[in-house]
Amino acid sequence: MKSIFKGLAGLAMGAALVAAPLAATAQEAVDSGMTIYFQLGGNPGDSATLARELGARDAARILKVDLKEQHAGWDPQKMLVQANEALAAAPDAIIVMGHPGTDAMTSFINKAKEAGIVVVTNNNALPGTSMSYFGLDNYGAGRNLASLTIEKGGLKEGDKVVVYGAFIEGAPGSDVAKGTSEVLTENKIAFDALQWSNEAVADPSLSVPVLVAYLEANPETKAIIVPGHSGITAVLGKVLADAGKQPGEVVASGFDISAGAIQGLKDGYITVVLDQQPYLQGFMPVVAAVLEKKYGLAGLTLNTGGGSVTKDNVEALEALVKTGIR
């Protein structure tokens, strides 16, 4: 990762030297002197947040950024409040999550632009803003998750599936659930759309009795798909064990590798996990904010959804998961 950054910094420094040969030095390209507020999503150190935290901290250390971390417990309204709190502090840049939506964030974005504050988005895009974004194509990721679940789990027409996610239009994660639902419909696989609660999003353990109760009431269920929540994915093994299911009896899939997801894969309870590589969602926005503020290099985008994890490759990634990098 350091070598990647050195290449980026070298390119940026070269551009700056051409524009102002007497003003820029190699040291300036590394020592940004910037203060950046960063919305990290969940709670400090949780499975959906740790790798993003580590990525942001690594980039901040390399670039000598004064990093101000914000945690919202995945509450979109709190994210909006935090964005405006960061704006009031007048930093050089603010890295936000797009969960509140473009309409809700427009006033904040306009005020930041007027103040000369760079805004970068991570994890959830803000369509129509043309800001740098690092994260998944969420709708595409939902489709990919469903396709992988069908393929790896051997699902077929007529099977019964439960999709546990966000089905309220415009809610965080609803575009992921939409993509998943469409693929299941296209493959003529029946499914129940089970809306998760805000409480379960904040505390995934609360989803366990909900899903266990569903399985007990619907014993013909062939698969559980969780489009878009790492914490809930991490407890799928417990859900199936508590429901009295044997490993492989019910196909289970979800988002983000974590210690819980790794164990579920190794035990055979979880079939496939989509990896959105949140370390990159932490590291790259800090780099982008520095490049935009110092060198005017804006509009950068990276789809961080780099692959999937199954029993076939879980051993190779387990050590990286333990370090918080994956």
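Residues numbered from 1 in each chain as written. Predicted model: local features only at pLDDT ≥ 70, side-chain atom pairs only at ≥ 80, totals over all residues. Heavy atoms only, no water.

## A closer look at the sheet that holds strand β4 (residues 118–123)
Strand pairing within a sheet occurs via backbone hydrogen bonds; the two strands may be parallel or antiparallel. The following threshold applies: Pairing between strands requires that DSSP locate at least two bridges from one strand to the other. A run of DSSP states H or I qualifies as a helix once it reaches four residues; a run of E qualifies as a strand once it reaches two. Both are numbered from the N-terminal end. Interaxial angles span 0 to 180 degrees and are taken between N-to-C directions of axes, which are lines fitted to C-alpha atoms, for helices over the stretch in contact. Throughout, a residue-residue contact means that at least one pair of heavy atoms, one from each residue, lies within 4.5 Å.
The parallel open sheet is built from six strands, whose spatial order is β2-β1-β3-β4-β5-β11. Either end of the sheet is taken by a strand with one partner, and the two such strands are β2 (66–70) and β11 (301–303). Here the average twist between neighbouring strands, direction ignored, is 15°. Two elements, strand β3 (residues 93–97) and β4, share five bridges in a ladder whose sense is parallel. Of the residues in β4, the one forming a bridge with I95 is V120. Those strands touched by helix α3 (residues 50–63) are β1 (35–39), β2, β3 and β4, and its axis lies near 165° from that of β2. Here helix α4 (residues 76–88) sits on the sheet and contacts β1, β2 and β3; the angle it forms with β3, its principal contact strand, is near 180°.

## Digging into the confidence of the model for the protein
Note the threshold: For every residue, the predictor assigns a confidence score, pLDDT, that lies between 0 and 100.
In the predicted model, the protein carries a mean pLDDT of 89, and the fraction of residues at 70 or more is 91%. Across residues 1–5, where pLDDT falls below 50, the model places 10 contacts with residues more than four positions away in sequence or in other chains. For the stretch residues 9–27, pLDDT sits under 50, and the model shows 13 contacts to residues farther than four places along the chain or on other chains.

## Comments concerning the packing of helix α12 (residues 259–267) against helix α14 (residues 314–323)
Selection criterion: We call two directions roughly parallel when the angle between them is under 35 degrees, roughly antiparallel when it is over 145, roughly perpendicular when it lies between 65 and 115, and oblique otherwise. A clockwise turn of the near helix away from the far one marks a right-handed crossing, whereas an anticlockwise turn of less than a right angle marks a left-handed crossing. Ten residues, namely Ala, Val, Leu, Ile, Met, Phe, Trp, Tyr, Cys and Pro, are considered nonpolar, four, namely Asp, Glu, Lys and Arg, are considered charged, and the remaining ones, Gly among them, are considered polar.
For the pair α12 and α14, the least separation of the axes is 10 Å and the interaxial angle reads 160°. Classed by the angle they form, the pair α12 and α14 counts as roughly antiparallel. You can see that α12 and α14 cross each other, and the crossing is left-handed. Along its contact with α12, which presents A259, I262, L265 and K266, the element α14 presents V314, E315, E318 and V321. Residues of the contact of α12 with α14, tallied by class, amount to five nonpolar, no polar and three charged.

## What to know about the pairing of β4
Under the convention used in this document: The rule is simple: take the accessible area with a 1.4 Å probe, protein chains only, and divide by the maximum for that residue type; under 20% is buried, over 50% is exposed, in between is partly exposed. Crossover handedness is defined here as right-handed if the route from the first strand over the helix to the second strand goes clockwise, with the strands pointing away from the viewer.
Burial runs high along β4: six of the six residues are buried. Taken together, β3, helix α5 (residues 102–114) and β4 form a β-α-β motif whose crossover is right-handed. Inspection of the sheet shows β4 paired to strand β5 (residues 133–135) by three bridges, in the parallel sense. Within the sheet, the bridge partner assigned to T121 lies in β5 and is Y133.

## Focus: the packing of aromatic side chains
As a reminder of what qualifies: Only the six-membered ring of Trp is used, alongside the rings of Phe and Tyr, when aromatic pairs are assigned; centres must lie within 6.5 Å, and planes under 30 degrees apart are stacked while those over 60 apart are edge-to-face, with the rest tilted.
Counted according to the given criterion, the structure contains two aromatic pairs. Here the aromatic rings of Y164 and W196 are separated by 6.2 Å at their centres, their planes lie at 90°, and the arrangement is edge-to-face. In this pair, Y164 is assigned in strand β6 (residues 160–165) and W196 in the loop between β7 (190–195) and α8 (198–202), connecting sequence segments 32 residues apart. Its relative accessible area of 8% is what places W196 among the buried residues. Consider the rings of Y279 and F283, whose centres lie 6.1 Å apart with planes at 20°: the pair is stacked. Of this pair, Y279 and F283 both sit in helix α13 (residues 278–295), four residues apart, roughly one helical turn.

## Considerations on the packing of α3 against α13
To describe two helices that pack against each other, one gives the angle between their axes and the distance between the axes. One can describe the packing of α3 onto α13 by two numbers: an axis separation of 6 Å at closest approach and a directional angle of 30°. Put simply, α3 runs roughly parallel to α13. Of the two elements, α3 crosses α13, and the hand of that crossing is right-handed. Taken together, the residues of α13 that come into contact with α3 (itself represented by A51, R52, L54, G55, A56, D58, A59, A60, I62 and L63) are P278, Y279, Q281, G282, F283, V286, V287 and V290. Of the residues assigned to the contact of α3 with α13, the class counts are 13 nonpolar, three polar and two charged.

## A closer look at the sheet that holds β7
Read from one edge to the other, the open sheet built from six strands follows the order β7-β6-β8-β9-β10-β12, with strand pairing classed as mixed. Each edge of the sheet is formed by a strand with only one pairing partner; in this case those strands are β7 and β12 (307–309). Each adjacent strand pair in this sheet contributes to an overall mean axis angle of 20°, direction not counted. Sheet analysis places strand β8 (residues 221–225) next to strand β9 (residues 251–255), joined by three bridges and oriented parallel. The residue bridging I224 from the neighbouring strand is A252, located in β9.

## Details of α4
Here is the rule we go by: Here, expected helix span is obtained from the residue count minus one, scaled by 1.5 Å. The directions from the helix axis to the C-beta atoms are what the arc is built from. Whenever two N or O atoms come within 3.5 Å, that pair is a polar contact, provided that in protein one can donate a hydrogen and the other can accept it, and provided that, for residues adjacent in sequence, both atoms are side-chain atoms.
With 13 residues, α4 extends 19 Å from end C-alpha to end C-alpha; this agrees with the ideal 18 Å at 1.5 Å per step. If you check which residues of α4 are buried, you get M79, L80, Q82, A83, A86 and L87. Buried positions in α4, seen along its axis, are confined to an arc of 165° and lie on one side of it. What points out from α4, more than 90 degrees from its buried face, is the exposed set Q77 and A88. Contact partners of the buried residues in α4: β1, β2, β3 and α5. N-cap assignment for α4: the residue whose side-chain oxygen lies 3.0 Å from the backbone N of Q77 is D75. A positive backbone phi angle near 55° is found at A90, which sits one or two residues after α4.

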